[in-house]
Amino acid sequence: MNNINNGTSTNETGGSTPAIPGPYRSPEQTEAFPLKQSLYRRNVGATSRGKGLTIFTQWCSGSSDKSGASLRMIALCFGILTLAVIVALAIQIYYGDYQLVPHGSVATDNQNCSIIGTDVLKRGGNAVDAAVAATFCLGVVNPHVTGLGGGGFMTIYSHRKRSVLDVIDFREVAPSSVSFSAEKPGSYVGVPGMLRGLALAHQRYGLLPWKDVVMPAVRIARSGFQVPATLVSAKSLLKSNIFNKGLINWVESLEAGQPIAVPDLAIALELIAEKGADVFYNGSLADDILTTVREAGGEMTKHDLSNYQAVNRFALETTFGDFRVMVPDAPSGGPALLAVLKLLPSLNTSISEIVRLAIAIEDTYRKARDGDWGEPDFPTDSHVMDSFSVNSSLTQYVGSHVAAADLNDIYVSVVSGLSSWFGSQLRTKRGFILNNAMTNFGVGKNSPSPGKRPLSFATPVIAVEKKRICGRRLILGSGDATIAAQLLSHLVDKNVSWIVEAPRFHVVEGNIISEEVHHLPSLSTADKEQFISSHYLLRNLSEPYQSCNIVEKVADDLASHSDSRGHGLASRF
């Protein structure tokens, strides 16, 4: 805990909530929220109600003693008393608090966004409402990672039905004119899909009005937030050119923790809250996107934007240890994740566990680079493929993750992003950054074509124990499937905080391993020695690092943790 608060706390909507007495943080700032605030208020009336009930009982018994009332009068009194108790219990059950069972949890890369998610649950929303609201919020406070100019994937799972309800693919698509040029950052931009994806999920499963799940992000953008440390640490990744001077000037002026507002983005989000997603693809916001892309050498058209639709994908599933692991099909990183997991048990057991994992990841990256995966059933345009500058490096993707669970055991995992830190590095006049998804195309099944979605390693994950219905259920995900694989390799651990915070490594290419030297705990000496003895070269990886958040439910108990790499804080109540 960072701060002591014995007063009151202010929630995202501006209201006050009572503080928890003693050396604790206020309810809206803890990872384990107490029961609803009304619990504190209800105790006041309980004594007076009990006193009234006592007087009524005395009257019934006293009347009988003094007047010699008949047994019928006594029976009537006890009948009324019984009815009163039943009514009181019914009211308590219907309107009262859940005394033991947590309502839900949301884990994101930002404390404000996690709280927005649980506030939505408090107002009667479900996990889909919460995940959508939190993802909108992340687009405001983490503009270097995700936002309206990006895309992603969402998995919705019902544990009561023991099945995936939906997999929504809102990955960016190639515009009708595929003319990639390294000197023209406008040609890096795919048609953004995030807004269509969130709107589709809300339309199908949301309980609250659309406006109610978008407006919290509007208020954050308008009132301001603290600049995240990851945005500042990503400054060094910006490459100056004549098209991104505005973005560079804006970022260079920022310091971690500095309060900042983005009023232009607030206007755009409020327009979306009032008029829906169409205003982004057909209205004034569409014009803003097209102008930004064309000025930077791209050839996106109004037709490209207006035709964009989020689509459904099949859920892929495998068994890993005692768990069912469910992921989206390509073009997400789902197939890559399953490929890593499949290789782990089949490798030489004489090699250490961490080296086995590195070999599996290296093999999976190679398959992605060679074009083994891509958007399913999409025809290859050989002419476009030949004229396109193919990305020959290993596929990389940067994303932000939201995990949400509600009281009805609906679990939602969302990974959204701009494809890399700062995406194309083009910022529109409305304050959101555009993706560089076109750089994720390659060869084979991942060759480019108009209207096609490039391969991504972004992977939302649902993992549940197979044999126990009330066993462990985990909601996680990452912008890189190989990071999700490393988390799953720690499932033998029962502590979700350790699963998330455990040291990770990154396979750069060939025999080079990058280590997250600025994150604690770091790789152990034994692990490093295993890499070196297996002829790997170790390199230091600078920040920012990819995060992966998690919500776990066992029976009726909830645990959640936001990755310190993303500087977030999970929220549950």
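Residues numbered from 1 in each chain as written. Predicted model: local features only at pLDDT ≥ 70, side-chain atom pairs only at ≥ 80, totals over all residues. Heavy atoms only, no water.

## Description of the side chain of arginine 453
The cut-off we apply is this: A run of DSSP states H or I qualifies as a helix once it reaches four residues; a run of E qualifies as a strand once it reaches two. Both are numbered from the N-terminal end. Burial classes: relative accessible area under 20% of the type maximum marks a residue as buried, over 50% as exposed, and values in between as partly exposed (1.4 Å probe, protein chains only). In the analysis that follows, any N or O atom pair within 3.5 Å is treated as a polar contact, provided that within protein one partner can donate a hydrogen and the other can accept it, and provided that, for residues neighboring in sequence, both atoms belong to side chains. Throughout, a residue-residue contact means that at least one pair of heavy atoms, one from each residue, lies within 4.5 Å.
Checked against the element boundaries, arginine 453 lands in the loop between β12 (410-419) and β13 (459-465). With a relative accessible area of 5%, arginine 453 lands in the buried category. Side-chain polar atoms of arginine 453 contact the side chain of tyrosine 308, separated by 3.2 Å. A distance of 2.7 Å separates a polar side-chain atom of arginine 453 from the backbone oxygen of glutamine 309. In contact with arginine 453, not counting residues within four places along its chain, are Asp169, Phe170, Arg171, Glu172, Val173, Tyr308, Gln309, Val311, Arg313, Pro331, Glu375 and Phe441.

## Overview of the packing of helix α3 (residues 111-122) against helix α4 (residues 127-141)
When two helices pack together, their arrangement is given by the angle between their axes and by how far apart the axes lie. As a reminder, the rule being used: Axis definition: a line fitted to C-alpha atoms, limited for helices to the stretch in contact. Angles are taken between N-to-C directions and run from 0 to 180 degrees. An angle below 35 degrees is read as roughly parallel, one above 145 as roughly antiparallel, one from 65 to 115 as roughly perpendicular, and any other as oblique. Less than a right angle of anticlockwise turn of the near helix away from the far helix marks a crossing as left-handed, whereas a clockwise turn marks it as right-handed. Put simply, Ala, Val, Leu, Ile, Met, Phe, Trp, Tyr, Cys and Pro go in the nonpolar bin, Asp, Glu, Lys and Arg in the charged bin, and everything else, Gly too, in the polar bin.
Between α3 and α4, the least distance of the axes is 8 Å, while the angle of their chain directions is 155°. Looking at the two axes, α3 sits roughly antiparallel to α4. For the pair α3 and α4, the sense of crossing is right-handed. Taking contact as the criterion, the partners of Asn112, Cys113, Ile116, Gly117, Val120 and Leu121 in α3 are, on α4, Ala127, Asp129, Ala130, Ala133, Ala134, Cys137, Leu138 and Val141. For the contact of α3 with α4, the per-class residue count stands at eleven nonpolar, two polar and one charged.

## A few points about helix α5 (residues 194-205)
What counts is decided by this rule: Given a helix with a known number of residues, its expected span is that number minus one, times 1.5 Å.
Here α5 contains twelve residues, and its C-alpha end-to-end distance of 17 Å stays within 8% of the 16 Å for a straight helix at 1.5 Å per residue. Of the positions making up α5, those classed as buried are Met194, Leu195, Arg196, Gly197, Leu198, Ala199, Leu200, Ala201 and His202.

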